[in-house]
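Letter by letter, the chains look like this.
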Amino acid sequence: MSQIHVTTKINGDETEFLCGPEETLLDVLRDHLGMTGTKEGCGTGDCGACSVTVDGRLVCSCLMLGAEAEGHEIGTIEGVAKGDELHPVQKKFLDHAALQCGICTPGFLVAAKALLDRTLEPTEEEVRYWLAGNLCRCTGYDKIVRAVMDTAAELRGA
Amino acid sequence: MALDDRFHNRDFKVVGNRVTRPDGIDKVTGRARFGADMTAPGMLIAKVLRSPHAHARINGIDTSKAEALPGVKAVVTYADFASAHAPDDDNLVNCMAKDKALYDGHAVAAVAAISTAVARKALKLIEVDYEVLPHVTDVDEAMKPDAPVLHEDAQDESVPAGTPKNVVRRYEFGHGDVDAGFAQADKVIERSFRTEAAHQGYIEPHACLASYGSDGRADLWCCTQGQYAVRAMCAGMLGMQASDLRVTASEIGGGFGGKTTVFIEPVALALSRKAGKPVKLVMERSEVFRASGPTASTSIDCKIGMTKDGRITAGRAELRYQGGAFPGSPVEFGAMSGFAPYDLENVQAIGWDVVTNRPKQAAYRAPGAPMAAYAVESVIDELCQELGLDPLEVRIRNCAHEGTLSPYGVTYPKIGLEETLKAVQSHPNWTAPLGPNQGRGVACGFWFNFGGNTCVSLNIDEDGTVSLSTGNPDIGGSRASMSQMCAEELGIPYDRVRCSIADTSLLGYNDVTDGSRVTFAVGLATIKAAQDAIKKMCGRAAAIWGIPEDAVEWEDGCAKPAGPNAGEHPPMSLAEIAAVSSQTGGPIAGHYECNADGAGVSFATHLVDVEIDPETGFTKVLRYLVAQDAGKAVNPDYVEGQFQGGAVQGIGWSLNEEYIYGEDGRLQNAGFLDYRIPVASDLPMIDTVIVEVPNPGHPYGVRGVGETSIVPPLAAISNAVSHAIGKRMTQIPMSPPRIVEALEG
């Protein structure tokens, strides 16, 4: 099967890769590029563990072909912190104990950051609906919602 | 220094603080490595062929075409295990079907190939000659005399002669005379209940990487709740010595009991042995649903008698649990636990373990208890309703205390059930006003908790930090709690301790991360290992000072001279003793191993308000409160997290989650779209009250907290829904169609 050559930008870095026509962006990230921070929980777009951004839009990377990344900017969990400096939402997840096992955490952080990039004044209901595409089986979401609300409050200087 | 295990009251410096977990940065940056995140040079990819039939005889498997496909390096079937394993190993036959496929999804063969695409193609080339047999997936149907029989010889002597063969075990617990008790009652209610099977729903599918060397030794990396149990099971199935198999537990993406056994690990090892290369095997989500272990579905009759003033005179339950295609449903725990919150003179519980054509059940958080509590707590609620009594007052009147004889024969030591009931009674949620179509439910829950085999080592590093090695995968922040207890005992700051999870070559056998045992048992062993190191450090200081060892005591992280003959010496800190250790006898380590006892039973009371949409039957959870006895909360953030997570799993099970089988015996909802677990927008905040009644069996008073929180929700929500709609609900989950049916019925 012939491979497709793709040029894209991942977390700000120009990246080229070859992938099969059937391979998802998630396969490419994990199996070709070694970026295993993005997780596979279902492969059918139901759990959100594989959340990435494509040109700033929140996407399940298991539902997008690797070849479709051509010319787009991809954001993954590995790009949420800037070097050693955690993004405020990462810090708040730790402060609020908003994770237990941690498998869903990368997806939640990518999704939460995408929300906070849009608004710093989300209501609890907005946070809950924005994150409804991300499954967490450990926490019951309470501490996750608090962490996101608290991040928003900090970022707007409240 | 106190040398006994018993609780002594003390002022804690580190324990009880909301510290940040040591693996936190890795988990929020994507650096943490879970089961599927590992690779090896030359690695092959494996896929499993699974039965499309619920019940079928396997007359033959032809793998020749698959083996001939370019890129295929190995194909295995049951025959590849046959020479090594012990006969009648249910776990092996569950991992790879022997002469019959026993459920939809049962593994029949597996392939290792150079890529996923080749492995998938090879699966299609394997020819299995199935003879389809009649099947049964319902627990009550499976108990009937004319039901299709799964195993001719699985029934044991606990079952009365002549009982149909799918009924494989019988259990009975209780004391007193229930008939005499019912005769004293002013009101007796008997109801029949059903609960459907739920899956643990961990977000990380089972995953492993096996590497079997030509010297007969192997390494296995996998997501598991217990690397030692995986080693024992896999070594047995592959005919290996335990010491020839090193199992390393990856970070684990949830388990809830479902990762206490093996499904794919022996298969990956067998493929690696045959191919001579490392093999990675990761389940797809549909395989997790079809072929890992959900919990049992049940059918329960429950009868309780009560006096007009709210005294329970007798309770009786008959519980039927199907645990899939092999013996081992958790009905024994159900029969032991249902009435366990109450001080009863007359109680009897009978459990029947039943096999059906479903996947072999695995433990799910307090296995067997939520269903039994659902039946008991529902009948108590209905009695309160009928007699016009306050459901909290009735529970306070009947609840178990220190000295109560439990229905399963144990007399309780100090417990905190009444404290949880009173915590709910004084919480604002108890008096919050309710509107139309709203209802309030309360229920109690119990779990045994466990101690078990535990082995811990710690090294006092030369710079005065401490490396702690434990043998239990950290599934929800336990490295933080272990480090806290270690730091507490040694008298040093939390950030000087680093806790690592050892592979199987480094420590003695540790039981799996189950039974809410880790914070209790591994914590106990950690404290003891720290005491062992303290004794040695006191000895080193004594040698330096030239005084007897017993003239040195440990206080605030320092050795100090003590007693009349000790002399005047400035205290030596842990770091100072460590710095000169090479001159005083070499490195300093502490160690402890035990089969921990005294886990301390656990109780909780939950309170929930719901609102029903009468048109659609949809249930909205308005408020939820968990009050549970933690003994001593080592890290309150993560104790609350256990309360909240268990409650929400219970909410999902109560309202939505169920295994749905078609007439053909196939699972119809093997994905997160159709098996819908709660999402953030389904829920309110989950309020918590941590009750602390110290466990007399632990030096810091710790009780396990992980499981009890899933026990009360089924009943609490069912009671709330029943009040909201004015009809008694008797089946879980109360999905919208069932509520509409009840409203119209």
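The numbers attached to residues start from 1 for each chain and follow its sequence in the written order. For naming, the first written chain is A and the first written ligand is 1, with later ones following in the order written. Residue-level local features of this predicted model are given only where pLDDT is at least 70; pairs of side-chain atoms are given and counted only at 80 or more, and the full residue set underlies all totals for whole chains, interfaces and linings. Only hydrogens and water are set aside; all other atoms, that is, all heavy atoms of the structure, feed into the side-chain values.

Asks: What is the right way to look at the packing of aromatic side chains in this model?
Replies: Aromatic rings in a pair are described by how distant their centres are and how their planes are angled relative to each other. Residue and element names in this part refer to chain B. Note on ring pairs: Phe, Tyr and Trp rings are taken, using the six-membered ring of Trp, and paired if centres are within 6.5 Å. Classes follow the plane angle, with under 30 degrees stacked, over 60 edge-to-face and the rest tilted. This model, assessed by the stated rule, comprises 19 aromatic pairs over all chains. Ring centres 5.1 Å apart and planes at 75° place the aromatic pair phenylalanine 12 and tyrosine 700 in the edge-to-face group. Linking phenylalanine 12 in the segment before α1 (24-29) with tyrosine 700 in the loop between β26 (686-691) and α18 (713-725), this pair joins segments that are 688 residues apart in sequence. Exposure is judged per residue with a 1.4 Å probe applied to protein chains only, and the accessible area is read against the type maximum: over 50% gives exposed, under 20% gives buried, and values in between give partly exposed. By relative accessible area, which is 0% here, tyrosine 700 ends up buried. Residues phenylalanine 193 and tyrosine 374 carry aromatic rings whose centres are separated by 5.2 Å and whose planes lie at 70° to one another, so their mutual orientation is edge-to-face. Of this pair, phenylalanine 193 sits in strand β8 (residues 187-195) while tyrosine 374 sits in helix α11 (residues 369-387); the two residues are 181 residues apart in sequence, bridging distant segments of the chain. The exposure class of tyrosine 374 is buried, given its relative accessible area of 0%. Cluster of aromatic residues (ring-pair linked, three or more members): Phe333, Tyr408, Tyr412, Phe446, Trp447, Phe448 and Phe603. Secondary structure follows DSSP: runs of H or I at least 4 residues long count as helices, runs of E at least 2 residues long count as strands, and numbering of each begins at the N terminus.

Asks: What is the right way to look at the packing of helix α12 (residues 391-398) of chain B against helix α13 (residues 417-425) of chain B in this model?
Replies: Axes are the key here: two packed helices are described by the angle between their axes and the distance separating the axes. Residue and element names in this part refer to chain B. For the pair α12 and α13, interaxial distance at closest approach is 10 Å and the crossing angle is 160°. As summarised for this structure, α12 and α13 are arranged roughly antiparallel, according to the angle between their axes. Pair α12 / α13 crosses with left-handed handedness. Here α12 contributes Leu392, Glu393, Arg395 and Ile396 to the contact with α13, which in turn contributes Glu418, Leu421, Lys422, Val424 and Gln425. Under the grouping applied here, Gly and all other residues not named as nonpolar or charged are polar, the nonpolar ones being Ala, Val, Leu, Ile, Met, Phe, Trp, Tyr, Cys and Pro and the charged ones Asp, Glu, Lys and Arg. Of the residues belonging to the contact of α12 with α13, the class tally is four nonpolar, one polar and four charged. Fitting a line to C-alpha atoms yields each axis, with helices limited to the stretch in contact; the angle taken between N-to-C directions then spans 0 to 180 degrees. The labels follow the angle: roughly parallel below 35 degrees, roughly antiparallel above 145, roughly perpendicular from 65 to 115, and oblique for the rest. In a left-handed crossing the near helix is turned counterclockwise from the far helix by less than a right angle, and in a right-handed crossing that turn is clockwise. By definition, residues are in contact when any of their heavy atoms lie within 4.5 Å.

Asks: So what exactly am I meant to see when it comes to the domain arrangement of chain A here?
Replies: Put simply, an interface is often sized by how much accessible area is lost when its parts join up. Residues and elements named next belong to chain A. Segmentation into domains, and thus their bounds, comes from an automatic or database assignment. Under the domain assignment used here, chain A contains domain 1 (4-79) and domain 2 (88-155). In this structure, domain 1 and domain 2 have C-alpha centres spaced 21 Å apart. Counting residues at the interface gives 14 residues for domain 1, matched by 13 residues for domain 2. As used here, buried area is the combined drop in accessible area, with a 1.4 Å probe, of two parts when they are placed together. The contact between domain 1 and domain 2 buries some 990 Å² in all, and 66% of this surface belongs to carbon and sulfur atoms. The working definition used for a salt bridge is a side-chain nitrogen of Lys or Arg within 4 Å of a carboxyl oxygen of Asp or Glu. There are zero salt bridges connecting domain 1 and domain 2. N or O atoms closer than or at 3.5 Å make up a polar contact, with two conditions inside protein: a donor-capable atom paired with an acceptor-capable one, and, for residues adjacent in sequence, both atoms drawn from side chains. At the surface where domain 1 touches domain 2, the tally comes to five residue pairs in polar contact (both at pLDDT 80 or more).

Asks: Is there a simple way to think about the sheet that holds strand β4 (residues 100-101) of chain B in this case?
Replies: As a general point, the strands of a sheet are linked pairwise by backbone hydrogen bonds and lie either parallel or antiparallel. Across the sheet, three strands lie side by side as β4-β2-β6 (chain B); this open sheet has antiparallel pairing. Both outer strands of the open sheet, β4 and β6 (127-132) of chain B, are each paired with one neighbouring strand and no more. Strands qualify as paired when DSSP identifies two bridges or more between them.

Asks: I tried to follow the domain arrangement of chain B on my own but got confused; where do I start?
Replies: All names here are of chain B. Domain boundaries assigned for chain B yield domain 1 (24-32 + 451-596), domain 2 (43-133 + 204-253 + 259-291) and domain 3 (297-449 + 600-744). Using C-alpha coordinates to define each centre, domain 1 is positioned 40 Å away from domain 2. Each partner contributes to the roughly 1400 Å² buried at the junction of domain 1 and domain 2, and carbon and sulfur atoms together form 57% of this total. Summed over the shared surface of domain 1 and domain 2, the result is three salt bridges. Residue lysine 27 pairs with glutamate 251 through a salt bridge whose shortest N-O separation is 3.0 Å. Applying the counting rule to domain 1 against domain 2 returns nine residue pairs in polar contact (both at pLDDT 80 or more).

Asks: Where do I start with the sheet that holds strand β20 (residues 552-555) of chain B in this structure?
Replies: Residue and element names in this part refer to chain B. Read across the open sheet, the three strands follow the order β20-β21-β22; overall the sheet is antiparallel. The sheet is open, and its two edges are formed by β20 and β22 (572-573), each paired on a single side. In terms of strand pairing, β20 meets strand β21 (residues 558-561) through four bridges, oriented antiparallel. Of the residues in β21, the one forming a bridge with tryptophan 554 is alanine 559. Along the sheet face, helix α15 (residues 518-545) touches β20, β21 and β22 and points at about 130° away from the line of β20.

Asks: Would you mind showing me how to read the side chain of serine 681 of chain B here?
Replies: Structurally, serine 681 of chain B can be placed in the loop between α17 (636-655) and β26. A relative accessible area of 16% means that serine 681 of chain B is categorised as buried. Apart from the residues within four sequence positions on either side, serine 681 of chain B is in contact with Arg128, Tyr129 and Ala132 of chain A.

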